[in-house]
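# Analysis of the macromolecular model
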Amino acid sequence: MQGAIARVCVVVAAAILNRPLLFPQENTTLPDQDEELMARMREHEERLEMEQAKLERELSQLDPKPEETTSEEGYSWYFWSAVSFIIFFTIEMCRVDLADTEMRPADDEDIFSESGSITPKTMVLDKNILSNFCDKCTYTSAHENWRVREFVEGFADDLLESLRSMCDREADMEVGDFVGIGSMFESWKVCKPLMCDLVVPFSPPDPYSFQFHLWCSPNSDMPPDMQGCGKIKVTRFGESEDGCVCGSANLGEDVLCLLHSRNEAIKVDRSPDELLCSKNTPFLAKDQVMKWFQISVTKAWGRISHKYDFEVTFRNLDAAGALKIRFRSGKVIVLNIIPVVQLEDTDAYFVSHFPSDCDSSPGPHWPLSFAVYERNLLKHFTKRLPQNSCHLHCLQVVTFLHRKQTGLTGKSALTNYHIKTALMHLLLSKRSSVWGIGSMEHRLRDVLSFLQRSLQEKRLHHVLIGNSKVPEEVHVPKLIRKAEPINLFRSLVLQTELYAATVRHFQEMLKNAPVLIQEYTPHLSNGGLHHSLVESAAEMDH
């Protein structure tokens with residue numbers, strides 16, 4: 001009896017392992033395999049019938065008294081047949097579901113094949129032209145950007161000092177020192193106009209403070225489309241404790257406050273407008289902050305403009321601190337001074353707006369920027385990668401292609417931040433030794449392949465939020481590290497037209513890449529480059 005059961009199990013296992021639908025060929029689809037499947041299924045069916053007949057003969061020879069065990073063996077055989085049928089049926093149903101799952105992305109793959117089936121692997125790249133592009137463009141970046149940063153930092157210090165001198169410390173927001181973020185301060189800026197992004201933290205006057213409600217906080221009621229955001233509540237010191245009202249009510253001269261001495265100045269309550277809050281709420285409003293900051297910057301520039309021999313204008317009235325500096329020679333530097341709120345004692349900041357998105361809603365939800373941690377992560381990699389590594393070169397090339405393609409076909413959902421995120425994911429997943437300058441072409445294709453796969457899946461996770469691969473040395477706050485990952489391509493899931501336009505943009509970018517790189521490179525001759533650097537240095541020094 002035991003031998004028979006073992007034999008049945010062997011038959012079932014053999015059928016499962018040789019089931020043709022269980023392990024389909026990787027490079028074919030189910031419809032292409034129909035004839036082969038039917039032939040293999042008939043072959044396996046004949047083998048199973050032969051095994052069944054052989055098994056029946058062995059069962060009939062096991063007992064010399066078959067008449068006494070026929071009924072028992074028959075029931076046993078029916079039982080194991082039923083088990084085999086259930087196993088086969090379960091495998092078939094699971095395989096159908098798996099086949100459906102595998103077939104679903106085909107709709108999205110059709111979108112990628114509409115423009116000529118260009119992929120990063122089939123994209124034509126001339127190594128010499130690519131090397132020449134990187135040598136000359138990065139030389140321009142390295143030698144010109146540091147002069148621009150030096151000028152911008154000095155100008156921003158002067159402008160903010162002028163702003164502080166006009167503020168009333170008892171009533172106005174307190175403005176801190178700026179922090180440089182973005183491509184210019186991460187040493188991968190390559191496209192003009194020269195642009196610098198500075199964040200400027202501010203805090204409320206005494207006795208007020210900020211309280212933060214993050215999307216990942218326990219019991220958070222943040223909407224799904226506000227992942228990565230938070231609300232900033234303006235509170236008085238003591239409101240969350242004993243609720244002292246000595247400064248908000250007229251208690252008379254004979255009443256003594258046990259929390260505050262008689263000599264301590266009493267602070268009166270301020271209206272929500274004075275505290276830059278949304279109407280009838282205690283939450284800080286982005287539109288109020290931007291209006292206040294723009295007025296303050298305008299007044300501050302008016303006080304120091306006589307010291308400089310250039311023109312400063314606002315590029316966008318809806319974005320506070322979006323300045324354009326134009327020298328007499330026509331040279332332009334774009335400067336984004338962004339008011340932000342620091343998240344407690346971390347290097348994360350609630351930003352009123354991102355430079356690439358000045359149409360943010362005026363509601364109380366503030367996006368949280370981890371730009372300082374991202375800069376630190378890139379520095380962490382730079383220390384561990386081979387000398388003259390190619391990771392920033394890859395970022396420069398892809399952002400250059402993206403910008404040029406945007407000029408040809410218009411904006412899409414793809415941004416430089418998505419490209420930088422893709423690069424950082426690859427830096428976290430690949431060995432340091434593969435990022436040598438000699439491997440640039442391969443790594444460039446890797447970045448583009450990662451972006452293409454992310455677009456196809458409509459999923460690109462934030463590199464820091466909920467990512468356990470980020471090194472401890474970067475010091476990402478534990479709450480952020482433990483949060484659920486955030487999909488930066490969520491909008492592509494919800495907006496099919498935007499998704500299709502973004503895919504077409506990416507495909508056109510791949511198709512035009514060789515021409516764009518070759519067309520741009522010859523313009524950077526050594527003589528022209530030297531003249532540009534000398535001219536830039538002279539203007540900014542003046």
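Report on the accompanying structure. This one's a predicted model, so the numbers in the text were calculated from it and none came from an experiment. (Residues numbered from 1 in each chain as written. Predicted model: local features only at pLDDT ≥ 70, side-chain atom pairs only at ≥ 80, totals over all residues. Heavy atoms only, no water.)

### Considerations on the pattern of salt bridges
- With the rule as written, the count across this model stands at 13 salt bridges.
- Note that Glu374 is salt-bridged to Lys420, the shortest N-O span being 3.1 Å. Placement of Glu374 in helix 7 (residues 371–384) and of Lys420 in helix 9 (residues 416–429) is noted, with a sequence separation of 46 residues between them. For the pair Glu374 and Lys420, one class covers both residues: buried. (Salt bridge = Lys/Arg side-chain N within 4 Å of Asp/Glu carboxyl O. Helix = DSSP H or I, 4+ residues; strand = E, 2+ residues; numbered from the N terminus. Buried < 20%, exposed > 50% of the residue type's maximum accessible area, 1.4 Å probe, protein only.)

### Focus: the packing of aromatic side chains
- In this structure the tally under the stated criterion is 15 aromatic pairs.
- Consider the rings of Phe155 and Phe310, whose centres lie 5.8 Å apart with planes at 70°: the pair is edge-to-face. Note that Phe155 is positioned in helix 5 (residues 127–166) and Phe310 in the loop between helix 6 (286–304) and strand 6 (311–314), a separation of 155 residues in sequence.
- Both rings, one in Phe202 and one in Phe210, keep their centres 6.3 Å apart while their planes meet at 90°; by these two values the pair is edge-to-face. Phe210 carries the same exposure label as Phe202, and that label is buried.
- Taken together through their ring pairs, the aromatic side chains of Phe151, Phe155, Trp301, Tyr308, Phe310 and Phe327 make up a single cluster.
- In this structure, Lys231 is placed above the aromatic ring of Phe283, and the distance from its NZ or CZ to the ring centre is 4.2 Å.
- One Lys or Arg, Lys458, reaches over the ring of Tyr499 and ends 4.4 Å from the middle of that ring. (Phe/Tyr/Trp six-rings, centres within 6.5 Å; stacked < 30°, edge-to-face > 60°. Lys NZ or Arg CZ within 6 Å of the ring centre and 35° of its normal.)

### What about the side chain of Asn467?
- Mapped onto the fold, Asn467 is located in the loop between helix 10 (440–457) and helix 11 (478–481).
- One polar contact links the side chain of Asn467 to the main-chain amide nitrogen of Lys469, over a distance of 3.0 Å.
- Excluding anything up to four places from it in sequence, Asn467 contacts His425, Leu428 and Arg481. (Polar contact = N/O pair within 3.5 Å; in protein donor to acceptor, adjacent residues only side chain to side chain. Contact = heavy atoms within 4.5 Å.)

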